[in-house]
Amino acid sequence: MENFYNYTQIEKKWQDIWDEKQTFAAKNDYTLPKFYGLVEFPYPSGQGLHVGHPRSYTAIDIVSRKKRLEGYNVLYPMGWDAFGLPTENFAIKNHIHPSIVTENNIANFKRQLKSLGFSFDWSREVNTTDPSYYKWTQWIFLQLFKKGLAYKSQMAVNWCTSCKCVLANEEVVNGVCERCGSEVIQKEKSQWMLKITEYAEKLLDGLNDVDFIDRVKTQQRNWIGRSYGTQVTFNTNIGDTFDIFTTRADTLFGVTYMVMSPEHPLLNKWADKIKNFDEVKEYQVSASKKSDFERTELAKDKTGVMLDGVTAINPVNNTEIPIFISDYVLISYGTGAIMAVPAHDTRDWEFAKKFGLPIIEVVAGGEDVQSAAFTDCATGTLVNSDFLNGLSVEDAKVKIQEWLTEKGIGSVKTNYKLRDWVFSRQRYWGEPIPVVYCEKCGYVPLPESELPLVLPNVDSYEPTDNGESPLAKMTDWVNTTCPHCGAPAKRETDTMPQWAGSSWYFLRYCDPHNDKELASKEALEYWCPVDWYNGGMEHTTLHLLYSRFWHKFLYDIGVVPNAEPYSKRTSHGMILGENGEKMSKSRGNVVNPDEIIENYGADTMRVYEMFIGDFEKAAPWSQSSIKGSKRFLDKVWALSNILVDGGYREEIESEIHRTIKKVTEDIEGLKMNTAIAALMSLLNTVQATGKITREEFKTFIILLNPFAPHITEELWVNNGFDGMLNETKWPTFDEAKCVDANVEIVVQINGKIKARLNVPADISAPDALALAKGTDSIKAEIEGKNIIKELYVPKKLVNIVVK
RNA sequence: GCGGGUGUGGCGGAAUUGGCAGACGCACUAGCCUUAGGAGCUAGCGCAUUAGCGUGCAGGUUCAAGUCCUGUCACCCGCACCA
């Protein structure tokens, strides 16, 4: 038999068999133990599959295949997150309807995925652009609307001055339009919002109950950004009061001025009290003109205007202090106003220096506060603070809180960085928002019986001049009647963002053809939660957070059985170009999966991507390293040549047990690279003996099967094993048989290796030490010296300390 | 600035509770085989020609440190005036 196998033919053969037999279709038998493995469904772009996609898909495919061999009923589904801007832009540019572009792209992606031999259950394929799917996306929106979690709000959006069109944040690159390179400004528009902030607490607390990798949990926690502090009411010289939020109420005696955001509503109310209102007005205008980009760039250079005529009174000492407006205070966080403590806050310190304001130290223990702010909360003692003097920061916070509460001017307050989710896009290629606007009734939800509200098929889906959705031009579609009062009304013409369809797709996989509900109760009870979800870190604060939000909402209204959608979340590292840079067309370092499959085969591609390095870390592609994986599979193929009858041979039995243990555990820990290394080692051992027994061979190819499913199935039938490999059982190991009867230990003198000994694995410490000291080379080393200490670490080493 | 992470051969990367650093693979070198080799097989492969030195750098704990502690440098990712 030749040493090379015809991977093209073999892989096609097995892919056809799996397809035809529906080998990997999840069973609807809800009595079986289940495993729900999930990977992020792709956006079917025109570029086709990226070599990064299969890294994630292969890993969970391996887990899924192993779980099946272990007897689980496995759901490993795939679908298409197909609404979105690139498709729409491509459609506009090439004058092809987005639905056709989508259809073509999906066909290409599907072909590519199938050519990699993933064990997806294709009978459950979902597509977010399919009306029978987005019917339920719209349905969920209606439930959110009914519960007051979807609302309209006036807010600033990105506007391209040249395209005369609203852009999503992703379309604004370095402050200019991604498509034409023109300036992007902020424009006020009315937008649909989802009240994700209402779930901030639940989203945080839920993290304690799930098995997510730490960096995902940390990133979500930081993003939600809970901070505990105090809301304090300040009086003014004109009688009005206003609130500020602080986490450092202990520093109240160090407050030397106040700052309000330029957008603060009290400013207009105070217009006639503020003597320099013209100046204030001017500052407000210039602040509003700054783009986010400029605001970030100018972050270090503090600007502001002092109010002339209105001052604040510090409640702890009745000192009159100035009020400034400055854009370093954000209207969207806390109360839009702060107390400034330059001695103990870096930003306040910079501002105070620039405007020549006093800096009063109230926490001692740092450097001179005139040269830098002392912000450490863990050390330091209160000074210049009357009744707080001598306390630690921690104690002072408690005491001042009590004092403020007693006076009725301060209360405990929790704030979040998380903002509500801007949910509308002025675009064609998205789910229509199922709401009608009636002059009399306002925004009225469509009756559920009218869902899906189908995206009308239009000839022109280009953005309009005035920043409205292309749907706005479809007057036939737009003009309707109010579901509430029957009067003429207009449909909402904005569509949902791409994140909508992907926020619940994993639920649909449980029961994808259901036309009565988004999925049946029984299906959800059985399959939820997802047992293992792998995806990119870039989705941690977007898709992953959004979908947790929707899921928690669906749980609250009784649609899903669990509070958390995913039990376990892992994340893969990126596959970089050969030069170590991110793969991109412009860098010219993109690797095409089709070419790899053509030249090396899908099994080699899979093994290589798993062997490339630590799954969680980025790894550069290497065109020469991939040959090692191919060579490995060629050698596996050649094992048929040296196959003999028999069970595990005594001399390699322990290595086989160790390998089963290693591969079994490594797959669960996503350490695919070391699992493959263990299989390579076993192969090397077996090859050195010149033969392999049937039992050894059987174990070996089952262990390899999840990694390289085609070649192993072929070897299975070629060598006369019964049935199909995927119907067999995962091998088991015996812990007791994982160790050899004899092991090599090293003998160290003062920690330096001086000899190696072969000893029985269960040798006693005294015997091991005696044996070591009886060895010639060791005898010479300890001759005439004092033995201070001697140790035996079982199965590892002997260390003799001499002087 | 804040948060998270990473530093190990020429390269990708391995190393249970601290216990033989460099598994496995790539590249490379020599030999074999071949009409030929971007194929295969065999052997070698951290540095240093010896007892020595080696896991970013400097200390420390320990019989023993890639692993623990203190300090420090570099790079990567995320957020970015969140009071």
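Worth saying up front: this structure is predicted, and the values here are computed from it rather than measured.

What counts, and where the lines are drawn
Throughout this document, residue positions are counted from 1 along each chain, in the order its sequence is written. All chains are assigned letters beginning with A, and all ligands numbers beginning with 1, in the order in which they are written. The model is predicted, so local features are restricted to residues of pLDDT at least 70 and side-chain atom pairs to those at 80 or more, both for listing and for counting; the totals for chains, interfaces and linings are taken over all residues. Side-chain numbers here rest on the full set of heavy atoms in the structure, without hydrogens or water. In this text, helices come from DSSP runs of H or I with a minimum length of four residues, and strands from runs of E with a minimum of two, each type numbered from the N-terminal end. Residue exposure (1.4 Å probe, protein chains only): buried if accessible area is under 20% of the type maximum, exposed if over 50%, otherwise partly exposed. In what follows, a contact means two residues having at least one pair of non-hydrogen atoms within 4.5 Å. Each accessible area is a Shrake-Rupley estimate made with a 1.4 Å probe; only the visible protein chains count as cover when residues are assessed. Charged-residue counts in this description rest on Lys and Arg as positive and Asp and Glu as negative, His and the chain ends being excluded. Positions of charges follow a simple convention, taking NZ of Lys, CZ of Arg, CG of Asp or CD of Glu. In this analysis, the protein atoms alone were mapped onto a 1 Å grid. Cavities are point sets where a 1.4 Å probe fits without being able to get out; pockets are open sets with protein on both sides within 12 Å along at least five of seven lines; lining residues have an atom within 4 Å of a point. Grid points are joined across faces, edges and corners, and a volume is the space filled by probe spheres set on the points. Residues are grouped as follows: Ala, Val, Leu, Ile, Met, Phe, Trp, Tyr, Cys and Pro are nonpolar; Asp, Glu, Lys and Arg are charged; all remaining types, including Gly, are polar. Two strands qualify as a pair provided that DSSP identifies no fewer than 2 bridges between them. Axes here mean lines fitted to C-alpha atoms, for a helix over just the part in contact, with angles spanning 0 to 180 degrees between N-to-C directions. Put simply, a nonpolar core is a bunch of buried Ala, Val, Leu, Ile, Met, Phe, Trp, Tyr and Cys residues held in one set by side-chain atoms that sit within 4.5 Å of each other. Each angle is binned into one of four classes, with values under 35 degrees roughly parallel, values over 145 roughly antiparallel, values of 65 to 115 roughly perpendicular, and all other values oblique. By definition, any crossing whose near helix is turned counterclockwise from its far helix by less than a right angle is left-handed, and any crossing with a clockwise turn is right-handed. One less than the residue count of a helix, multiplied by 1.5 Å, gives the span that helix is expected to have.

Asker: Would you explain the overall build of chain A in this entry?
Answerer: Of regular secondary structure, chain A possesses 25 helices and 34 strands. Within chain A, the proportion of its 803 residues that are buried is 54%. Taking the contacts inside chain A whose residues are at least 6 apart along the sequence as the reference set, 72% of them involve residues at least 24 apart. In the form shown here, chain A has an accessible surface area of approximately 35300 Å², with 49% of it arising from carbon and sulfur atoms. In chain A, the 90 positive side-chain charges and the 108 negative ones have mean positions that sit 1 Å from each other.

Asker: I would appreciate a short explanation of empty space enclosed by the protein in the present structure.
Answerer: The gaps of empty space that remain are located by a probe, the size of a water molecule, rolled over the atoms. Under the criterion given, the structure shown has 3 cavities of 30 Å³ or more. Of the voids in this model, the largest cavity is the one considered here, and its volume is about 170 Å³. Along its surface, the largest cavity is lined by 14 residues, and Trp 18, Asp 19, Phe 24, Phe 120 and Trp 122 are the ones closest to its centre. Here the lining of the largest cavity takes 3 residues from helix H1 (residues 7-21), the largest share from any one element. Residue classes in the lining of the largest cavity are distributed as 6 nonpolar, 5 polar and 3 charged.

Asker: Honestly, the sheet that holds strand E32 (residues 752-760) in this entry has me stumped. Any pointers?
Answerer: Sheets are built from strands that pair by backbone hydrogen bonding, the pairs being arranged parallel or antiparallel. Read across the open sheet, the 4 strands follow the order E32-E31-E34-E33; overall the sheet is mixed. Two strands close off the open sheet at either side, each with one partner strand: E32 and strand E33 (787-793). Sheet twist, expressed as the average angle between the axes of neighbouring strands with direction ignored, equals 15 degrees. The pairing of strand E31 (residues 742-749) with strand E34 (residues 797-802) spans 4 bridges and is classified as parallel. Within E34, the residue paired with Ile 749 across the bridge is Ile 800.

Asker: Would you explain the pairing of strand E14 (residues 305-313) in this entry?
Answerer: The two faces of the sheet receive side chains in turn, since in a regular strand these alternate between them. Sheet analysis places strand E11 (residues 227-236) next to E14, joined by 2 bridges and oriented antiparallel. When the bridges of E14 are listed, Asn 235 appears paired with Ile 313. Here 5 bridges tie E14 to strand E15 (residues 320-325), and the two strands are oriented antiparallel to one another. Among the inter-strand pairings, Thr 311 is bridged to a residue of E15, identified as Pro 322. Taking the residues that link successive antiparallel strands as the turn, the E14-E15 hairpin has 6 residues, and the phi of Asn 318 there is positive, at about 55 degrees.

Asker: Mind showing me how you'd approach the nonpolar core here?
Answerer: Across soluble globular proteins, you tend to see nonpolar side chains buried next to one another. Ranked by internal contacts, the top residues of the largest apolar core, which has 165 residues, are Phe 141, Trp 550, Trp 621, Phe 632, Phe 700 and Phe 707. Top element by residues in this core is helix H5 (residues 131-146). It accounts for 9 residues. Non-local contacts of Phe 707, meaning those with residues more than four positions away in its chain, are made with Ile 62, Asp 603, Arg 606, Val 607, Val 663, Ile 667, Met 672, Ala 675, Ile 676 and Leu 679. Of all hydrophobic cores here, the second largest spans 53 residues; its members include Val 329, Ala 343, Ala 352 and Leu 404.

Asker: What should I look at first to understand the packing of H5 against helix H16 (residues 543-556) in this one?
Answerer: The angle between the axes and the distance between the axes are what describe a pair of packed helices. Their axes nearest at 11 Å, the elements H5 and H16 cross at an angle of 70 degrees. As judged from the angle between their axes, H5 and H16 are roughly perpendicular. When the axes of H5 and H16 are compared, the crossing they make is left-handed. Here H5 contributes Thr 137, Trp 139, Ile 140, Gln 143 and Leu 144 to the contact with H16, which in turn contributes Phe 549, Trp 550, Phe 553 and Leu 554. Of the residues contributing to the contact of H5 with H16, the split by class is 7 nonpolar, 2 polar and no charged.

Asker: What am I meant to see in helix H21 (residues 672-689) here?
Answerer: Every α-helical turn comprises 3.6 residues, leaving residues that sit three or four positions apart pointing alike. With 18 residues, H21 ought to run about 26 Å at 1.5 Å a step, and its terminal C-alpha atoms sit 26 Å apart, in line with that. Residues Met 672, Ala 675, Ile 676, Ala 678, Leu 679, Met 680, Leu 682, Leu 683 and Val 686 constitute the buried set of H21. Those residues of H21 hidden inside the fold are in contact with helix H2 (53-69), helix H18 (602-611), helix H19 (626-638), helix H20 (650-668), strand E30 (692-693) and helix H22 (694-704). In the segment just after H21, Gly 690 is the residue with positive phi, at about 80 degrees.

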